[in-house]
Amino acid sequence: MNLFFIGGADEVGASSSILEINNRRFLIDCGIRMNDHLKRSKTPDFSDIGSIDAILLTHAHTDHSGALPVVNKYTVNVPIYMTRGSFQLCTVLYKDALKIMESEKEDFETPIYQEQDVLNSFENIKQIELLQSFTIDDIQITFFPAGHILGAACILFESKEGSILFTGDYSITKQLAVNGALVNCNPDIIVTEATYGGRKHLKRKESEFEFINQTRKVLSRGGKILIPAFAIGRSQEMIILLKDAMAKNIIPEVDIYIDGMINSVNIVYQNNPIELPKKLKSIVENHQSLFYSTQIKRVLSKERENIIKTKKPCIFISSSGMLIGGPSVFYAKHIIQDKNNALFISGYQDEESPGRKLLELQKGQKLVLDGKNITVNADVYKFSFSAHADEQQIVNFVNTLSPHEIVLVHGDEEARESLSNKFEKKPHLPLLGEMLSFKKYKNTFVSEKKDNTPTITIESYWRDCLYKGIKRVPIKEIEDIFGKNNDIKSFDGFSEDYIDKRFYNILTQDQLNRKRDRREKFESLGDLTKQLVIYGQQTGRLELGYCKEVNMEHLAYHLLSTKKGKSKTQIDFNKILYTFKTNEFKNMKDEDILIKIREMKRISKPKSKIFRKELIAITEDISIKEIYELFKIKEVSDEIAVILALLPIAIKENGKYKIFQKLPPKKLKEKTTNINSIQDEIHKVLKSRKIKKVGYKINTNTFILQFDFPDAVNKEKIFSLVDNLLPKGYSVEISSKINQAAFNDILFQYLGSNGKLSLYLSEKRVSTKNLAKPFSEDFRKEFYRNTGFILE
C-alpha cells in the first residue's frame, strides 16, 4: 500500500493524496491553496498524475474540493464520489468561484478553470450516503460522518492489503448545525488532519455565552454588529445561535441581515435534514425555516446601500470571513468607523488578510479596505468557534481507533511536531511530494465483491428522498441506479424539472395527490393538443389560447398570449371553460398563430354580443349543433363568439344549453378551517407572554400551547385571550411540559460555567451548588414569578 502526497501534507490547503491499494489508484481530495505566502501555484500539479480509478472528496471546503474541475481535465470520465451534501455545496462554491475568476480577469489573473470544466466534472459525480459502503472491484469503501460541516466524511478503504482511513477535517464536538464525528472502525493506517496541533479550544458553551453577551452589550447601546463569516459552516452556526438567543429574549429583537454566498449555502442545509441535529431536523420536517424569520432576512446586492444607512441597531452576517472580498468588505468600511459599533471575528484569519490586520490594530489606527484607509473606531472581538478537533481531541480520536500507523497531514510544522509528541508510536510527518509505503497487514478485512445492482424499487427510492428532505435528483443519478431503460415515468412521484431538463423534482405526498387529481380531471377533457382553449383568468376576464401541447406533469400550455409568441402558463383545471379542435393553425409558426388569435379575439367579441341578445330570447334548451345551424356558423371566429356568448347566460345539462337572462348564483362552498392561520393568530396574540409553540391535535381538534414555564402562566388570562380565535368545536389547552434548558439559560449568566443545577419536577424546586455568591431574595422572587419554581 502506497501513499503519495501531492498537496496538503505540510500545509493547510491544497489537500490532495494518491492511494495505491490492491492494484488500484485513488485520488483523495483535490483542494486549492488559499493565500499561500510561499506564492506557489493555486493547485497541486496534476499534469503527471497518471491513471486514476476514482476520485473521492472528504468535504466541500475549497482547500479540499476547489481543484476538482482542474483535475477532471486530466482524469476524463473517472468516477467522482462524494456525499449528497458535499455535492450540493460544491455546486454553490464553483458557481461563486467562476464569478470571482471572471472578475479577476481584469487584473490579468488567468482562471484556473472554465464553466464547462465544472459541468464536465459534474457528469462523473456519484453521490454516496453517509454510513453506506460500496465496492470498487474488491475494495470496500465507507463514508463516515466527520462533523465539521454538512456532508463532511471520513473515508475508509478496506482490502486484502489492509485498511486505511482518511479523516479529512473533522469535529468531535457537536455543533449547532451539524453533529460530531461518528467513526466506527479500526483501520491499520489513519491519515489525520493536524490543523490545531498544539492548541486547545475553549469550551463551546463558554464561547457561545461570551458571543451572546457581547452582542447584547453592543445592541443595547444602539450599535451595529458585522460578523464576517465563512459561508459554509460558520455562518450557519452564527445565525442559529443568534436566532435562538433572540427567541429566548436574551438579546433584543433586531434585524439580522444575511448577505453573500451564505444564503445559497443555507438552502443546501435546509434541503438536507437527514444530516442535521435532531432539533434542526424537526424544524425542517415541520416545514419551517432553519435560518430566516421576520427579523432574519436575505439581502440583495441592490439593497445594501439603503440597509447600511439604517439608524436602528442591527446585525450583518456576510462573506467573506477574512474580509478579503465579498459583501463583508462593503459593510466593514461603514461599521468600523463608529465607536458604538462592533466587528466580530469568528474564524481563522490568514496572516496577510485584512481580518488579521484588524485584530492587530488599536482604535484610531487605519485599515486598508478596498484600496481606502478607514479609521478603526469600533470594538473588535475574536471568538473561537472552530469546526476542527483540537490537539487533545485528535489524540483521543486516534487512540480510540488503535491504528498501526499514524500519518499527520494538513498542518504546519509546529502543529504537527506538537501532535507527534503526544503519541507513543512516532507518527509519519510527510512532506509535499513524498511517498510512504506500508506493508501488508495480516488478519485484516477481506472484501467480498458486491453486486451494486439496486435492490430498491422506484417507489422506495422516492420515499427515501422524501425522508431525507431531497427536493430534486439528477436524471443521470437515476440512470446510474436503475439503468437507462428505467420505468421512472410510470411512477408519478418524479416530475421532470421544467427549467433544467437534467433533473427530476421529488414531489411530496400532497403534491402527488394533487397531481393525480389534476390528471384525472384533465383526462376527462381528453387530449387537448392542437385545440383552442377558452379560459378565465384571475381577474375574471375570458381569454383565448391555442394548446400547442399538453404536459400532464406541469399542466402548462403554449397559450400564445405574450409578445414573443411563446409562454408557458399554468392553467387551473377549473379555469378551462371550453375547448375545441381546429385546423386553422395547421403548420403555422408560433408568431403567426399569435397574430391569428388576436385577430380572432378582435372579431369575435362584437359578434358574441349580437349572438347573446338572440340566445336570451330562446326559451327551450338548445344544443351547440342547433346554435351553429341557427347562426349559420362557418368561421372559427364565429365559433368563438358563440361560446363567449353562451358562457355568461347558459348552463349545460344533458348535452344541451339552458338559457337564462342571468345565471343563478352558485352555491357557496362551506369554508374549511385553516389550522395554520389560527396557529399564527394565537402565536401573535400570545407573543408578548413568551409562548414558544402552538401545536395541534388533529383527532381532538385541540390547539396545544407550549411555554417554557407553564406553572408561571396565568391560564385564565391565556384562555380569555385566545377564546375568540377558536372556531366552533375547537378547544385549547396548555402543555404541562417545562423546558429544562430554559432554566440553564436564565441561570447561566449568574452561575457561570462552574455552577451545578438540579431540577426537582415533582417538588417544583431548582437547587444549585458551587455558587461564587448567594442569590439575593429579590432574584429568588423574580425567579419564582417567571418560572413557578422555588430556587435554592
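This one's a predicted model, so the numbers in the text were calculated from it and none came from an experiment.

Another point: the packing of aromatic side chains. Pairs of aromatic rings are described using the distance from one ring centre to the other and the angle between the two planes. If you walk through the whole model with that rule in mind, you get 25 aromatic pairs. A ring pair is formed by Phe157 and Phe166, whose centres lie 5.9 Å apart and whose planes are at 80°; its orientation type is edge-to-face. Taken individually, Phe157 and Phe166 each receive the classification buried, so the pair is uniform in this respect. Ring geometry for Tyr696 against Tyr730: centres 6.5 Å apart, planes inclined by 25°, an arrangement best described as stacked. Taken as a pair, Tyr696 in strand S32 (residues 691–697) and Tyr730 in the loop between helix H21 (715–722) and strand S34 (731–734) lie far apart in primary sequence, 34 residues in all. Judged by relative accessible area, which is 25%, Tyr696 ranks as partly exposed. One aromatic cluster is present, formed by Phe211, Phe344, Tyr381, Phe383 and Phe385 through successive ring pairs.

Our next topic: a negative patch on the surface. Together, Asp412, Glu413, Glu414 and Glu417 give the surface a local cluster of negative charge. With respect to the secondary-structure elements, Asp412 resides in the loop between strand S20 (405–409) and helix H13 (413–420). On the basis of relative accessibility, which here comes to 40%, the residue Asp412 falls in the partly exposed class.

Take the pairing of strand S9 (residues 153–159) next. With seven of its seven residues buried, S9 lies for the most part within the structure. The side-chain alternation of S9 yields two buried faces, one formed by Ala153, Ile155, Phe157 and Ser159 and the other by Cys154, Leu156 and Glu158. Pairing geometry for S9 and strand S10 (residues 162–166), over five bridges, is antiparallel. Counterpart to Phe157 in the pairing with S10 is Ile164. Turn length for the S9-S10 hairpin, with the two strands adjacent in sequence and antiparallel, is two residues.

Another point: the sheet that holds strand S7 (residues 133–136). Here six strands make up an open sheet; going across it, the order is S7-S8-S9-S10-S11-S20 and the pairing mixed. Only two strands of the sheet have a single neighbouring strand rather than two, namely S7 and S20. Neighbour-to-neighbour, the strand axes of this sheet turn through a mean angle of 20°, independent of strand direction. Bridge analysis of S7 against strand S8 (residues 139–145) gives four bridges, and the strand direction is antiparallel. Looking at the pairing, Phe134 lines up with Ile141 of S8.

Time to look at the pattern of salt bridges. Enumeration over the complete set of coordinates arrives at 30 salt bridges. The closest approach of N and O atoms between Lys248 and Asp244, which form a salt bridge, is 2.9 Å. The partly exposed category is assigned to Lys248, whose relative accessible area is 27%. Of the charged contacts, one joins Lys764 and Asp711 as a salt bridge, the two residues approaching to 3.1 Å between their closest N and O atoms. Of the two residues, Lys764 sits in the loop between strand S35 (756–760) and strand S36 (765–769) while Asp711 sits in the loop between strand S33 (702–707) and H21, which places them 53 residues apart along the sequence. The class for Lys764 is partly exposed, based on a relative accessible area of 33%. Residues participating in the shared-partner salt-bridge network are Arg204, Lys205, Glu208 and Glu237.

Relative to the helices and strands, Thr702 is located in strand S33. At 2.9 Å, the side chain of Thr702 forms a polar contact with the side chain of Thr700. A distance of 3.2 Å separates a polar atom in the side chain of Thr702 from a polar atom in the side chain of Ser731. Setting aside residues up to four positions removed in sequence, Thr702 forms contacts with Gly695, Tyr696, Lys697, Ser731, Val732 and Glu733.

Cut-off values and rules
- Residues numbered from 1 in each chain as written.
- Predicted model: local features only at pLDDT ≥ 70, side-chain atom pairs only at ≥ 80, totals over all residues.
- Heavy atoms only, no water.
- Phe/Tyr/Trp six-rings, centres within 6.5 Å; stacked < 30°, edge-to-face > 60°.
- Buried < 20%, exposed > 50% of the residue type's maximum accessible area, 1.4 Å probe, protein only.
- Helix = DSSP H or I, 4+ residues; strand = E, 2+ residues; numbered from the N terminus.
- Patch = residues over 30% accessible without salt bridge, like charges linked within 9 Å, V, L, I, M, F, W, Y side chains within 5 Å.
- Areas by Shrake-Rupley, 256 points an atom, 1.4 Å probe, with all protein chains shown as cover.
- Salt bridge = Lys/Arg side-chain N within 4 Å of Asp/Glu carboxyl O.
- Lys, Arg positive; Asp, Glu negative; His and termini not counted.
- Charge placed at Lys NZ, Arg CZ, Asp CG, Glu CD.
- Pairing = 2+ DSSP bridges.
- Axes fitted to C-alpha atoms, helices over the stretch in contact; angles between N-to-C directions.
- Polar contact = N/O pair within 3.5 Å; in protein donor to acceptor, adjacent residues only side chain to side chain.
- Contact = heavy atoms within 4.5 Å.

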